[in-house]
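Chain by chain, the residues run as shown.
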Amino acid sequence: MNKTAVCPFLECSSSLKSNVVPFGSYSQQDTEFSRFRGIQIVFCATDAILLRTKVLQKMLANHPEITLFEMGNEYLCKALDNEGIFIFSTSLETFGHMIHSEDFKQGSTEGELYELVKNPFDWRQRYLHPEFELYLNGSKLIKEPCPDVYWFPLMTERYCKSIIREFETFGFWGNGSEEDPRNDGHEPVPTVDVYFTDMGLHETWMQFLRVILFEMVQKVYRGFSRGPPESAHTFLVRYQLGEQTYLRSHEDTAIYTINIAMNPNSDFTGAGLRFSKSECFIPETEMGWGLLHPSRLTHNHEAKPIRSGKRYVQVSFIDNE
Ligand SMILES: O=C(O)CCC(=O)C(=O)O
Ligand SMILES: [Fe+2]
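Read on for an overview of the structure. Just so it is clear, the structure is predicted and the values come from calculations on it, not from any experiment.

1. Observations concerning a nonpolar patch on the surface
Residues Phe 23, Ile 41, Phe 43 and Phe 86 make up a contiguous nonpolar surface patch of about 380 Å² in total accessible area. Residue placement: Phe 43 occurs in strand 3 (residues 39-45).

Below you can see the structure in the form of structure tokens.
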């Protein structure tokens, strides 16, 4: 493109916003324009404009009252307009997309974990297992290691590592005793854990359960008439020697449970999940894979002791009220 001012066309994954203001529009929201593919002259562009140096130099010379650093998008667009210079926006190639960066969690190396509601596209790319969709659409067969217990890839390794890092940095683990002051009856047998509510991740994970996991719930428990989850208690459990090594037999206070293995089997020995009624034992699972099982009445279970290392699982008791 031999033009004086060019910019990429960037859409926002979760709204109709883009980085350009088309002619005849006063905002960055224009559905018609969003569907446009090609090169278009735009009224204004934000964040990424490529200008010929001589034009920029001329503009700065004409407006000595302002430095390049102070020059906002609106100012720049108006100045270009005054000079009779058009801004050409192209969507002929994919240049990426815009994100909502307001309220991004500060002070954490894992801030992206909190972004599912605001930047769902990026969140899914980073954290949802790439094969989940294949199991959901039937291209791959969902495993059923015990009756009504379903097993499938759910989260990426990146998710598991980020959660562990974030929770270990937080560092306030429940002591796993009956006297745990945080436990208001949500956990029938307390574990050494950190609650998602205490990390500010409850709403993010509720969104995950409602929008992503619920599709799988509807698929494997066909005819389940209840809608998306209304409540859930979610927590990260840690097993290690000298702390908690196993979980005695219990039923979860929930209609159903998702239990995600968060670290590789090579990190520990022992463990395994046993469902009492069906006398069915799952000796090992896989990092990022989820075990989805009914809770109340039928699926009493226990976690066998680890003999070495550390084991982490992320558990949600779904519709636990
Ligand atoms: O360790 C496990 O895999 C089971 C955890 C569990 O059953 C629970 O937290 O309720
Ligand atoms: Fe449980």
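Structure's up, so let's keep going.
2. Describing the pattern of salt bridges
Taken as a whole, this structure holds 13 salt bridges when the rule is applied. The residue Asp 319 makes a salt bridge to Arg 226 at a minimum N-O spacing of 2.9 Å. Of this pair, Asp 319 sits in the segment after strand 17 (306-318) while Arg 226 sits in the loop between helix 7 (202-220) and strand 9 (232-240), and the two are 93 residues apart along the sequence. On the accessibility criterion, Asp 319 (2% relative accessible area) is buried. A salt bridge links Glu 302 to Arg 274; the shortest N-O distance between them is 3.8 Å. With Glu 302 in strand 16 (residues 301-303) and Arg 274 in strand 13 (residues 273-275), this pair connects stretches of sequence that are 28 residues apart. One network of salt bridges, with partners in common, ties together Glu 168, Arg 238 and Glu 243.

3. Looking at unusual backbone geometry
Although it is not a glycine, Ala 271 sits at a positive phi angle of roughly 75°. Of note, Ala 271 is situated in the loop between strand 12 (268-270) and strand 13. Accessibility expressed as a relative area gives 11% for Ala 271, which makes it buried. The phi dihedral of Asp 319 falls on the positive side, at around 55°, and the residue is not glycine.

4. Describing the side chain of Ser 18
Checked against the element boundaries, Ser 18 lands in the loop between strand 1 (5-8) and strand 2 (20-22). The exposure class assigned to Ser 18 is buried, which follows from its relative accessible area of 3%. Only 3.3 Å separates the side chain of Ser 18 from the backbone nitrogen of Val 20, close enough to count as a polar contact.

5. Thoughts on the sheet that holds strand 16
Here four strands make up an open sheet; going across it, the order is 10-16-13-14 and the pairing antiparallel. Sheet topology places strand 10 (247-250) and strand 14 (280-282) at the edges, where each strand pairs with a single neighbour. Strand-to-strand twist across the sheet, computed as the mean angle between neighbouring axes with direction ignored, equals 10°. Relative to strand 16, strand 13 runs antiparallel, the two being bridged by three bridges.

6. What to know about the state of the cysteines
For the coordinates displayed, the defined rule picks out two disulfides. Here Cys 44 pairs with Cys 77 through a disulfide, and the sulfurs are 2.1 Å apart. On the sign convention where negative means left-handed, the S-S torsion of about 75° between Cys 44 and Cys 77 marks this disulfide as right-handed. You can see Cys 44 sitting in strand 3 and its partner Cys 77 sitting in helix 3 (residues 73-82), a full 33 residues away along the chain. For Cys 77, a relative accessible area of 6% corresponds to the buried category. What pairs with Cys 146 in a disulfide is Cys 280, and their sulfur atoms sit 2.0 Å apart. Sign of the S-S torsion, about -85° for the bond between Cys 146 and Cys 280, identifies this disulfide as left-handed. You can see Cys 146 sitting in strand 6 (residues 143-146) and its partner Cys 280 sitting in strand 14, a full 134 residues away along the chain. For the residue pair Cys 146 and Cys 280, the accessibility class agrees, reading buried in each case.

Criteria and cut-off values
- Throughout this description, residue numbers start from 1 for each chain and increase along the sequence as written.
- To read the labels, note that chains go from A and ligands from 1, taken in the order they are written.
- Selection of residues for local features in this predicted model requires a pLDDT of at least 70, selection of side-chain atom pairs for listing and counting requires 80 or more, and totals for whole chains, interfaces and linings are taken over all residues.
- Each side-chain value is derived from all of the structure's non-hydrogen atoms; neither hydrogens nor water enter the calculation.
- Patch membership requires more than 30% relative accessible area and the absence of a salt bridge. Residues of like charge join within 9 Å; the nonpolar side chains Val, Leu, Ile, Met, Phe, Trp and Tyr join within 5 Å.
- Reported accessibility uses the Shrake-Rupley method at a 1.4 Å probe radius. Residues are deemed covered only where the shown protein chains occlude them.
- Definition used for salt bridges: Asp or Glu carboxyl oxygen within 4 Å of a side-chain nitrogen of Lys or Arg.
- What counts as a helix is a DSSP run of H or I of at least four residues, what counts as a strand is a run of E of at least two, and both are numbered from the N terminus.
- Residue exposure (1.4 Å probe, protein chains only): buried if accessible area is under 20% of the type maximum, exposed if over 50%, otherwise partly exposed.
- Any N or O atom pair separated by 3.5 Å or less is treated as a polar contact, with the protein-specific requirement of one donor-capable and one acceptor-capable atom, and with residues adjacent in sequence counted only for side-chain atom pairs.
- The pairing criterion is simple: DSSP has to find at least two bridges between the two strands.
- Only the stretch in contact is used when a helix axis is fitted, and all axes are lines through C-alpha atoms; the angle between N-to-C directions ranges over 0 to 180 degrees.
- Only a pair of cysteine sulfur atoms within 2.5 Å qualifies as a disulfide here.

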